[in-house]
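# Structural description and commentary
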Amino acid sequence: MQIPLSSPDITEKEKEAVLDVLSTPNLSLGPKLQEFESKICDYIGTKYAVAVNSGTSGLHLVVRALGIKDADEVITTPFSFIASSNCILFERAKPVFVDIDSLTFNIGPEKIEEKINRKTKAILAVDVFGHPAEWDHLQDIVNDNGLMLIDDACEAIGAEYKGKKIGNFGEACVFAFYPNKQITTGEGGVIVTDNKKIADLCKSMRNQGRGENNEWLQHERLGYNYRISDINCALGIVQLERIDEILKKRKQVAYTYNKKLNEVEGIETPYTRPHVTRSWFVYVITLNKEYTKEHRDTIIQELRNREIGSSNYFAPIHLQPFYRKMFGFMERDYPITENISGRTIALPFYSNLTESEINYVIENLVDILREMEELKR
Ligand SMILES: *Cc1c(COP(=O)(O)O)cnc(C)c1O
């Protein structure tokens, strides 16, 4: 049996919607873009939404719209997908890492303040694996220190923090729609904010810096082509209409994993804080402390040999080759991140994963763990 790591949830409705756009002349900057943005606003509850061609583009535009530039510092997490830190580098600002909380894997708020100095402009927090960061605590820190706050919620659409939807924290928030995310547009992302100035700047910069009148050959500022096509938006509209159903199915899959894996020795299932509602992006288990990174890598390889998708979510950003080169980062700089990163394994996870497939994944995992125990003796 072949089981991928992730798989989008696409129905006939999505296919029809995409085909419908193809029989109109509006393949970009058309009515589907506006409809998608307005449906995102309705769902998240923000005043503005600016859809773009990726989560990474969205993060870049937010960093630029906030005026973060050369030599500014932005406090962020080393345990994330690399784009959350690269978007700071795009503007030649410096990502300053703060180690994570060992339970939620999110940036540890209590260690932030010691890193704040005159150059610090913002905190960019990530809702890792769909588990919200400690937003109240982060908001207090930015208020006390006159900083800005950015939410990389590329893994967390539909999540809630103390009953409030993710997307409503900080100056602006970004969601992403790559096919492994909860909902997809093929490629895509969206910036949400209540701040008109940020929304207007992002709209202009995604479209070559054109002004509000959209005069085609008049450019008010430096811009990019970060537009998302109406084809992608049409797909996104149907996915968004189905989001409650999709998130419910993902939650069910996660609960099934939790229930069955709680009986397996040597691993821990994902931890969720009581005051948040997680939006399940990936299903990541943590091996016990007796396992080394080499053991973990062997387990991933063994799963892959059995055609079961598996991955090491995440590799620490500070240890990526070009980060080491640029900033001189070394092993043990962020010990919790490195420790967690060496013991985590993402298992196959998507809304249509069946119970028998879950059983198959677990049987194989247990089998691999048993073989490993025998090797260790
Ligand atoms: C997926 C992701 C992104 C980037 O999204 P793309 O659409 O792939 O550019 C950014 N940050 C995090 C944490 C992500 O998981």
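Everything below is about the structure printed above this text.
Attention here is on the structure that accompanies the text. (Residues numbered from 1 in each chain as written. Predicted model: local features only at pLDDT ≥ 70, side-chain atom pairs only at ≥ 80, totals over all residues. Heavy atoms only, no water.)

## Some thoughts on unusual backbone geometry
Omega for the bond connecting Tyr313 with Phe314 falls within 30 degrees of zero, at -15 degrees, which places this linkage in the cis form. The phi angle at Leu29 is positive, at roughly 55 degrees, despite the residue not being glycine. Residue placement: Leu29 occurs in the loop between α1 (12-22) and α2 (31-44). Given the relative accessible area of 36%, Leu29 is considered partly exposed. One non-glycine residue, Arg332, lies in positive phi territory at about 80 degrees. Position of Arg332 relative to the elements: it lies in the loop between α10 (321-327) and α11 (335-341). The class of Arg332 is exposed, set by a relative accessible area of 70%. (Helix = DSSP H or I, 4+ residues; strand = E, 2+ residues; numbered from the N terminus. Buried < 20%, exposed > 50% of the residue type's maximum accessible area, 1.4 Å probe, protein only.)

## Some remarks on the environment of Val192
Tracing the sequence through the fold places Val192 in strand β9 (residues 189-193). Since its relative accessible area comes to 0%, Val192 is described here as buried. The spacing of Val192 and Phe169 is 23 residues in sequence and 9.8 Å in space, taken between C-alpha atoms. Other than its neighbours up to four places away in sequence, Val192 contacts Ile40, Ile44, Thr46, Tyr48, Ala49, Gly167, Ala172, Cys173 and Phe175. (Contact = heavy atoms within 4.5 Å.)

## Some words on the nonpolar core
By size, the foremost hydrophobic cluster in this structure holds 44 residues, and its most contacted members are Ile40, Ile112, Ile123, Trp135, Leu138, Ile166 and Phe175. Among the elements of the structure, α2, β1 (48-52), β4 (120-126), α5 (135-145), β8 (172-176), β9, α7 (230-241) and α8 (243-261) are those that each provide at least two residues to this core. Per element, the largest residue contribution to this core is six residues, and it comes from α2. The contacts of Ile40, once residues within four sequence positions are left out, are Gly45, Ala49, Phe177, Val190, Val192 and Leu240. Counting residues in hydrophobic clusters, the runner-up holds 40 residues, among them Leu66, Ile100, Val128 and Ala199. (Core = buried A, V, L, I, M, F, W, Y, C linked by side-chain atoms within 4.5 Å.)

## Digging into the sheet that holds strand β6 (residues 160-161)
One open sheet holds the three strands; their spatial order is β7-β6-β11, and the pairing between them is antiparallel. The sheet terminates laterally at β7 (164-165) and β11 (276-277), the two strands that pair on one side only. Here two bridges tie β6 to β11, and the two strands are oriented antiparallel to one another. Residue pairing for β11: Glu160 is matched across the bridge by Thr277. (Pairing = 2+ DSSP bridges.)

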